[in-house]
Amino acid sequence: MTVTLADVAARAQVSPATVSRVLNGNYPVAASTRERVLRAVDELDYVLNGPASALAAATSDLVGILVNDIADPFFGIMAGAIQSEIGGPGGRAGGERLAVVCNTGGSPERELTYLTLLQRQRAAAVVLTGGAVENTAHATAVATKLRKLGEAGTRVVLCGRPPAPAPADADAVALTFDNRGGGRQLTEHLIGLGHRRMGYIAGPEERTTTRHRLEGHRDALAAHGIADDPARTVHGRYDRRAGYEATLELLRREPDLTAVVAANDTVALGACAALRDSGLRIPDDVSVVGFDDLPFSIDAVPALTTVRLPLADAGARAGRIAMGREEVPPGGIATIRGELMVRGSTGVPKGA
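Please read all numbers here as calculations on a predicted model, not as lab measurements. (Residues numbered from 1 in each chain as written. Predicted model: local features only at pLDDT ≥ 70, side-chain atom pairs only at ≥ 80, totals over all residues. Heavy atoms only, no water.)

On to the overall build of the protein, then. Each helix and strand in the protein was counted, giving 13 helices and 12 strands. Overall size of the protein, expressed as C-alpha extent along the three principal axes, is 80 × 45 × 30 Å. Taking all 352 residues of the protein together, 51% fall into the buried category. Long-range contacts, defined as pairs at least 24 residues apart, comprise 74% of the intrachain contacts of the protein with a sequence gap of at least 6. Within the structure as shown, the protein displays about 15,700 Å² of accessible surface, and the carbon and sulfur contribution to it stands at 52%. The distance from the centre of the 38 positive side-chain charges to the centre of the 40 negative ones in the protein is 4 Å. (Helix = DSSP H or I, 4+ residues; strand = E, 2+ residues; numbered from the N terminus. Buried < 20%, exposed > 50% of the residue type's maximum accessible area, 1.4 Å probe, protein only. Contact = heavy atoms within 4.5 Å. Areas by Shrake-Rupley, 256 points an atom, 1.4 Å probe, with all protein chains shown as cover. Lys, Arg positive; Asp, Glu negative; His and termini not counted. Charge placed at Lys NZ, Arg CZ, Asp CG, Glu CD.)

This is the structure:
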C-alpha cells in the first residue's frame, strides 16, 4: 500500500503541512519536530514526490552513480564510462540524462541515504559500483531498496559488485568482477617464480572485494601445499598509506619475506615505498604485485605486475544496460574476468 503524506503526519503526530515544510526545507521547523518527521519518513519508507514534470512519467531524467571514493581511479574510471553512455532517446534536453555521482566514502549509512534520495527523485537508473559491505542487516536493507527502485521503474545495475541477495532478486543486473580468479592468478604467478614466503596486504575486512581476492590467494597456496600463516596477512584501507604501514608490519613479523601481494595497485605503491625505505630492492629482494591495473601501474618503477580489470568497458556496459540499450545478461549476472599483466615488479627470489 502506498504511504501518503497524511500517514507520515499521523506517525509523527504533526500536521501534513508541517511534514511538507520539513521535506521541502522552505520553512523553519523546530529541531525536535524535524527529527520526529524524518524518523517517521524512514520508518514508513515514504517516497517524496519529485518535480511535477517527473510525476507524469514513471521516472525522471536523473541517473545515480554510487561510488566509494570518486578520488580513487578505480571508481573514477567506471563512473566516467557510465556517464558517457547514459545519453540517448527518452530524456528531455536532447535526450541527455543528468548523472549524479554519489560519493559514499565507504559508509553503509550514506549508501542507504543516497538510494532513498534517488528513489524519491524517481531516478531513471541507479548504478552501484565496487564491492559491497558484508553485513547481513545492511545487505538486506540495500536489497529491499533496490527491489523498491525496480518496482518503481528504475533500472538498477551493479558494476564490479556481487549480485544482491533476496529480496532484490532479478530487479538488479550484476556485472561482477572475478576477484577470486584474479587473486589466484597473482599468487600462482609468484609461486611459479619460486616464492613461498609471501605477505598479503588485504583491504577492509567488511568488504566483499577483500574477501574474494584473499580467497583466491589462499586457494593458490592450498593448491601448492603452502601453509596459510595468519601472521602473513595484514588488513588495511585501500590506499597508499595503508600499503606502506602494512608492509613495515609484515617485515617486522617476517624479515625474510620474498614477495608482497597487495589488495590493489594503490596499496602496492605504498608497499613499494616501504620496501625502498627499508633498503630493499624490487624485485631483487622482494617482489610486489597489485590488482586492477590502474593507469599509473605501468609507469611505476619498476612497472607493476597486476591483474587488469576492464574498468572502462565494464562501466560503459553498465551504462548501456541502465539505459536499456544493451540486453541484460542471462540470469541477470555476468562475470568479468581479469588478465594477468606480468611486469618488472616480480622476479625469481634470491637463492632460488
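Back to the write-up after that little detour.
This brings us to empty space enclosed by the protein. What the rule picks out here adds up to 2 cavities of 30 Å³ or more. If you add up the space inside the largest cavity, you get close to 90 Å³. Lining the largest cavity we find 13 residues, and of these N68, T104, E111, R161 and R207 sit closest to its centre. Every element with two or more residues in the lining of the largest cavity is listed here: β1 (62-67) and α7 (108-120). Each residue belonging to the lining of the largest cavity can be placed in one class, and the counts come to 4 nonpolar, 6 polar and 3 charged. For the second largest cavity, the calculated volume is near 70 Å³. Lining the second largest cavity are R196, M198, G199, Y200, H217, L221, I226, A227, D228, D229, R232 and T233. Elements represented by at least two residues in the lining of the second largest cavity include exactly β6 (198-202) and α10 (208-223). Across the lining of the second largest cavity, the residue classes break down as 5 nonpolar, 3 polar and 4 charged. (1 Å grid on protein atoms, 1.4 Å probe; cavity = no way out; pocket = protein on both sides within 12 Å on 5 of 7 lines; lining within 4 Å. Points joined across faces, edges and corners; volume = space filled by probe spheres on them. Nonpolar A, V, L, I, M, F, W, Y, C, P; charged D, E, K, R; others polar.)

Disulfide: a covalent bond connecting the sulfur atoms of a pair of cysteines. Tallied over the entire structure, the rule returns 0 disulfides. Here C102 stays unpaired: no disulfide links it, and the sulfur of C159, its closest cysteine neighbor, is 15 Å away. C102 sits in the buried class, given a relative accessible area of 4%. (Disulfide = S-S within 2.5 Å.)

The next point concerns the sheet that holds strand β3 (residues 125-129). An order of β2-β1-β3-β4-β5-β11 is seen for the 6 strands of this open sheet, with the pairing classed as parallel. If you trace the sheet from one side to the other, it starts and ends with β2 (98-103) and β11 (333-336), each paired once. Between one strand axis and the next, the sheet turns by 15 degrees as a mean value, whatever way the strands run. Note that strand β5 (residues 172-177) and β11 share 4 bridges and pair parallel. (Pairing = 2+ DSSP bridges. Axes fitted to C-alpha atoms, helices over the stretch in contact; angles between N-to-C directions.)

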